[in-house]
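Listed below, chain by chain, are the residues.
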Amino acid sequence: MDLDLAQLRALDATVTAGTLDGAARALHVTPSAISQRLKALEAATGRVLLVRSKPVQVTESGQPVLRLARQVALLAADASRELAPGDGDRPVTLPIALNADSMATWVLPALAPLAGDIAFDLHLQDQEHTAALLREGRVMAAVTAAADPVPGCTVTRLGGMRYRPMATPDFVRRWFPDGVTAQSLARAPVVVFDRTDDLQHGYLRARGVDPAVPPLHHVPASVDYVSAVTLGFGWGMVPRQQEPPGGLAELDRDGGVDVVLHWQQWRLRSPSLDRVAEAVRTAARHHLDQP
C-alpha cells in the first residue's frame, strides 16, 4: 500500500479529537478536507477504518493503520528534534495507558523529569485492560498485567503490587466479631474501585461467597478508594504502596493477592519512547515488589 502522510495525520487527529470537526481544528483545515483524506485512506487500504460516531470508533481494520500513523508521527517528531535541537519544537506527545494505583503511587514521579520535553496523554484503565488500548493503537505504551506481548510490542516485567484485604479496626470488630467467615463476608460492606475491578470479587469467590451478595461501594479513584476504606465504608484490597501507616487491619493473613505488572510498548526505536521506558523501569525497581 502507498499511504499518504497527510491522510495518516488526518486519521490520527480524528481519533485523538473524536470528531472530524476537532481534527480539522487541530490540523488547521476544513472538516471537508479531513473527510476527503479519510475516504482516500480507506480507498487505499480497501477497508473501513472508522465508524463515524461521536466520538469516532476505530474498526479492527483501522487499528493497525492508526498504529502506523502514530508511529510515523512519533518518529517524525523525534527526527525533527534531532535535526534542530532546542529550535522551539513542541514537545513530543506520547499516549500511555496506566492503571490507577500505579498512577497514584509511583509512575507520575518517574515521568515528571521528562515533562518538559514530552507531553503525556495518560489513559486510565484497569491493569487487566490496558493492553487492549495498545492493541487498538490508541496508546504507544502501557503498564499492564498482560505478560504476553501485544502484536508489534515488546514486554518487560516491572514487578508486583501486593493487595491485602484490609479495613479499620472498628470495622473488623463490628462485622467480623467471630473472625472472617463466609457468613460475615456475605454481610460486610465492600469497597470496589469500579465495575472492572475483580480483586475483591476474587477474594469473595475464593471463600465461597457470591460477590453479588454483600453491599458494594463503588469509589472509582485510587486515592479516594483507600480513603473510603480508611473512613470505614467497608473492607477492600489495598496495595502495599498505599497502606496508611497504622490505620488499617488485615482481615486475614492468607488473603493477599500479587498483581504482577509489565511494561509493553511499540516495537520501534524512538528516543522519546526509550526515555520514558527507562524512567518507568527504574522507578519500578525501587517501588514494586521484585522476585
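Everything that follows concerns the structure shown earlier in this document.
Throughout what follows, the structure given in this document is the object of discussion. Note that the coordinates shown come from a computational prediction; the quantities given were computed from them, not determined experimentally.

Remarks on the environment of Ala142
Reasoning step 1: Tracing the sequence through the fold places Ala142 in strand S5 (residues 141–144).
Reasoning step 2: The spacing of Ala142 and Ala277 is 135 residues in sequence and 9.8 Å in space, taken between C-alpha atoms.

Examining the packing of aromatic side chains
Reasoning step 1: In this structure the tally under the stated criterion is three aromatic pairs.
Reasoning step 2: Where Phe171 meets Trp175, the ring centres are 6.0 Å apart and the plane angle is 35°; that geometry is what we call tilted. With Phe171 and Trp175 both in helix H7 (residues 169–175), this residue pair falls four residues apart, about one helical turn.
Reasoning step 3: Through pairs of rings, three or more aromatic residues link up here, namely Phe171, Trp175 and Phe176.

Quick look at the packing of helix H4 (residues 62–83) against helix H11 (residues 271–287)
Geometry of a packed helix pair, given as the angle between the helix axes and the separation of the axes.
Reasoning step 1: At a closest axis distance of 8 Å, the pairing of H4 and H11 adopts a crossing angle of 100°. What the angle tells us is that H4 and H11 run roughly perpendicular. For the pair H4 and H11, the contacting residues are Leu74, Asp78 and Glu82 in the first and Pro271, Ser272 and Leu273 in the second.
Reasoning step 2: In the contact of H4 with H11, the residues fall into three nonpolar, one polar and two charged.

Some points on the packing of helix H1 (residues 5–17) against helix H3 (residues 31–45)
Reasoning step 1: Taken N-terminus to C-terminus, the directions of H1 and H3 make an angle of 110°; their axes are 9 Å apart at the nearest point. Compared by their axis directions, H1 and H3 come out roughly perpendicular. Crossing geometry of H1 relative to H3 is assigned as left-handed. Across the interface between the two elements, Ala6, Gln7, Leu8, Ala10, Leu11 and Thr14 from H1 touch Ile34, Arg37, Leu38, Ala40 and Leu41 from H3.

Structural notes on the layout of surface pockets
Reasoning step 1: Roughly 880 Å³ of internal volume is contained in the largest pocket.
Reasoning step 2: Around the largest pocket, the lining comprises 24 residues; the ones closest to its centre are Asp12, Thr16, Ala73, Pro91 and Thr93.
Reasoning step 3: The set of elements that each furnish at least two residues to the lining of the largest pocket consists of H1, helix H2 (20–27), H4, strand S3 (92–98) and strand S4 (118–124).
Reasoning step 4: Looking at the lining of the largest pocket residue by residue, the class counts come to twelve nonpolar, four polar and eight charged.
Reasoning step 5: As a volume, the second largest pocket reaches approximately 210 Å³.
Reasoning step 6: Around the second largest pocket sit 19 residues that line it, and Ala100, Asp101, Asp126, Gln127 and Phe193 are the ones nearest its centre.
Reasoning step 7: A class-by-class count of the residues in the lining of the second largest pocket yields ten nonpolar, five polar and four charged.

Things to note about the nonpolar core
Reasoning step 1: Within the largest apolar cluster, 53 residues are counted, with the highest numbers of intra-cluster contacts made by Leu94, Trp106, Leu158, Trp235, Trp263 and Val276.
Reasoning step 2: Residue contributions to this core peak at seven residues, all from H11.
Reasoning step 3: Leave out the neighbours within four places in its chain, and Val276 touches Leu94, Ile96, Leu111, Leu114, Ile118, Phe120 and Trp263.
Reasoning step 4: The next biggest cluster of nonpolar side chains, apart from the first, holds 19 residues, and it includes Ala10, Ala23, Leu38 and Val58.

Focus on unusual backbone geometry
Reasoning step 1: A cis amide bond links Lys54 with the next residue in sequence, Pro55, at an omega value of 0°.
Reasoning step 2: With respect to the element layout, Pro55 can be found in the loop between strand S1 (50–51) and strand S2 (57–58).
Reasoning step 3: In this structure, His28 takes a positive phi of about 60° despite not being glycine.
Reasoning step 4: Within the element layout of this structure, His28 appears in the loop between H2 and H3.
Reasoning step 5: Accessibility expressed as a relative area gives 72% for His28, which makes it exposed.

Parameters and conventions
- Residues numbered from 1 in each chain as written.
- Predicted model: local features only at pLDDT ≥ 70, side-chain atom pairs only at ≥ 80, totals over all residues.
- Heavy atoms only, no water.
- Helix = DSSP H or I, 4+ residues; strand = E, 2+ residues; numbered from the N terminus.
- Phe/Tyr/Trp six-rings, centres within 6.5 Å; stacked < 30°, edge-to-face > 60°.
- Axes fitted to C-alpha atoms, helices over the stretch in contact; angles between N-to-C directions.
- Parallel < 35°, antiparallel > 145°, perpendicular 65-115°, else oblique.
- Contact = heavy atoms within 4.5 Å.
- Nonpolar A, V, L, I, M, F, W, Y, C, P; charged D, E, K, R; others polar.
- Left-handed = near helix turned anticlockwise from the far one by under 90°.
- 1 Å grid on protein atoms, 1.4 Å probe; cavity = no way out; pocket = protein on both sides within 12 Å on 5 of 7 lines; lining within 4 Å.
- Points joined across faces, edges and corners; volume = space filled by probe spheres on them.
- Core = buried A, V, L, I, M, F, W, Y, C linked by side-chain atoms within 4.5 Å.
- Buried < 20%, exposed > 50% of the residue type's maximum accessible area, 1.4 Å probe, protein only.

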